[in-house]
Every structure is written in C-alpha cells, then in structure tokens.
Amino acid sequence: MAFVRLPFAQLQWLFPIAITAHNLEEGAWLPGFVAAHRSELPWTIAPVEFRFALVVLTAAAWVITYLSWRTGPKTLWAHLLFGYIVAMLVNVVVPHIPAAIIFREFAPGVVTAVLINLPVMALLSVRAIKDGYVTGRKAVAFAVGVPLGIVAALPALFALGRWLSGFVIAAAVVG
C-alpha cells in the first residue's frame, strides 16, 4: 500500500474514480430497486431523472478534482473537493447502509459505498487535513456546506433531468 503514502495532491484523483464506480452501480440498480419498493419509499424518481443527476455529479467530481489539482492547497477548489469528499463519506452511512439493513437486501450503491467509498473517502479526508491541503474553519464550513448544498440541489437536478428528457422526446417526435 505504498500509494497511501502519496501526497494528497496525487491521491485526490482516487476521488472521481471512486465516484464514477459508485454512480455506475447506483445508475444500474436504483431504478429497479425504486420500482420494487415504490410503496415502501417516501419518494420515487424516474430513472432518466436520477441518471441525469448522477451524470452531473460525476462530471462535477472530475472537474472539481482537476481544478483542485491545478490550483493547489488552500484554494476554493481544494476546499470544495474536501467538502465533496466528506459528502460522499456521509453518503456511505446515509442512505446506503441503512437501506440495506431496512430492506434486508442489496441496496443500490451499498457495495461500492462500503468497499470503495468508505476507505477512499476516509483516506482522502484525513490526508487532505494532514497534508494541509485544507485547514481550519474553512475546511469545517465546506465539510458541512457542500453535503447540504448537494442535498438541496438534488430536486433541481431531478427537475432539469425531467425537463431535458421531455425536450428530447418532443424533439424526436417533431423531427
């Protein structure tokens, strides 16, 4: 595990790789899970809306990592990346593990959440702080604010995905 000793500046690329794997798992399995448990869930979402949000969040992970890598420690992008790392660490515990326990079955995303995201995000969050890539109150603010911002943005992402899918269908019918 020599890579664990690499500086955060190099390790940060594990973030978008892990997010991509996780979002591929969710995108493949969540729509069927939602359909199977529609009456037991407090919400439902169409596959196209959910997958659109996953694409946007995955692209954001790659862009933010690149900008963090380009601008370096203690920048807006480094702190934004740190907040996103914390968001994905929290995402392991809410909702993946509880969903698997409550439904007593595979919950989409739980495999990559536990086997990839938990160790990778834990490593990255510790290394970001240890290497001084993020510091102090600003790190705490982003660790709280980014997860809350992502949750707040989800309804808008779902709505945009719904609108775009309707637009594409309408264009196909007209064209």
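Rules of the game
Residues numbered from 1 in each chain as written. Predicted model: local features only at pLDDT ≥ 70, side-chain atom pairs only at ≥ 80, totals over all residues. Heavy atoms only, no water. Salt bridge = Lys/Arg side-chain N within 4 Å of Asp/Glu carboxyl O. Buried < 20%, exposed > 50% of the residue type's maximum accessible area, 1.4 Å probe, protein only. Phe/Tyr/Trp six-rings, centres within 6.5 Å; stacked < 30°, edge-to-face > 60°. Helix = DSSP H or I, 4+ residues; strand = E, 2+ residues; numbered from the N terminus. Patch = residues over 30% accessible without salt bridge, like charges linked within 9 Å, V, L, I, M, F, W, Y side chains within 5 Å. Areas by Shrake-Rupley, 256 points an atom, 1.4 Å probe, with all protein chains shown as cover. Core = buried A, V, L, I, M, F, W, Y, C linked by side-chain atoms within 4.5 Å. Contact = heavy atoms within 4.5 Å. Axes fitted to C-alpha atoms, helices over the stretch in contact; angles between N-to-C directions. Parallel < 35°, antiparallel > 145°, perpendicular 65-115°, else oblique. Left-handed = near helix turned anticlockwise from the far one by under 90°. 1 Å grid on protein atoms, 1.4 Å probe; cavity = no way out; pocket = protein on both sides within 12 Å on 5 of 7 lines; lining within 4 Å. Points joined across faces, edges and corners; volume = space filled by probe spheres on them.

(A) Region of interest: the pattern of salt bridges. Applying the stated criterion across every chain, the model contains two salt bridges. One salt bridge in this structure joins Asp-131 and Arg-127, with 3.2 Å as the shortest N-O distance. Residue Asp-131 is classed as partly exposed on the basis of its relative accessible area, which comes to 34%. Judged by its relative accessible area of 12%, Arg-127 is buried.

(B) Expanded view of the packing of aromatic side chains. On inspection of all chains with the given rule, the structure shows seven aromatic pairs. Consider the rings of Phe-8 and Tyr-133, whose centres lie 4.7 Å apart with planes at 55 degrees: the pair is tilted. A residue pair is termed long-range when its members are at least 10 positions apart, and Phe-8 in helix α1 (residues 8–11) and Tyr-133 in the loop between α5 (110–130) and α6 (136–174) qualify at 125 residues. Each member of the pair, Phe-8 as well as Tyr-133, carries the same accessibility label: buried. One aromatic cluster is present, formed by Trp-13, Trp-62, Tyr-66 and Trp-69 through successive ring pairs.

(C) Main features of a nonpolar patch on the surface. Judged by side-chain polarity, Trp-29, Ile-97, Ile-101, Phe-106, Val-111, Val-114, Leu-115 and Leu-118 come together as a nonpolar surface patch covering roughly 730 Å² of accessible area. At the level of elements, α4 (76–103) and α5 are the ones that each hand at least two residues to the nonpolar patch. Judged by its relative accessible area of 40%, Val-111 is partly exposed.

(D) Summary view of the nonpolar core. Residues Phe-8, Phe-15, Phe-82, Tyr-84, Ile-85, Met-121 and Leu-124 are the most contacted members of the largest nonpolar core, which totals 29 residues. Put simply, the parts of the chain that give this core at least two residues each are α1, α2 (14–36), α3 (47–71), α4, α5 and α6. The element that contributes the greatest number of residues to this core is α4, accounting for eight residues. Excluding anything up to four places from it in sequence, Phe-15 contacts Ala-61, Thr-65, Leu-81, Tyr-84, Ile-85, Met-88, Met-121 and Leu-124. Counting residues in hydrophobic clusters, the runner-up holds 12 residues, among them Leu-30, Leu-41, Ala-100 and Val-110.

(E) Inspection of the packing of α4 against α5 at higher detail. Look at α4 against α5: their axes get within 9 Å of each other, and the N-to-C directions meet at 150 degrees. On the basis of the axis angle, α4 is roughly antiparallel to α5. α5 is crossed by α4, and the crossing has left-handed handedness. Within the contact between the two elements, α4 uses Phe-82, Ile-85, Met-88, Leu-89, Val-92, His-96, Ile-97 and Ala-100 and α5 uses Val-110, Ala-113, Val-114, Asn-117, Leu-118, Met-121, Ala-122, Leu-124, Ser-125, Ala-128 and Ile-129.

(F) Up close: the layout of surface pockets. Estimated volume of the largest pocket: approximately 960 Å³. As for the largest pocket, its lining consists of 35 residues, of which Glu-26, Asn-91, Val-94, Pro-95 and Leu-154 are closest to the centre. Where the lining of the largest pocket is concerned, the elements lending two or more residues are α2, α3, α4 and α6. The biggest single contributor to the lining of the largest pocket is α4, with 12 residues.

(G) Structural view of the environment of Val-55. Summarising the element assignment, Val-55 is placed in helix α3. Judged by its relative accessible area of 56%, Val-55 is exposed. The spatial distance from the C-alpha of Val-55 to the C-alpha of Leu-24 is 9.3 Å, given a sequence separation of 31 residues.

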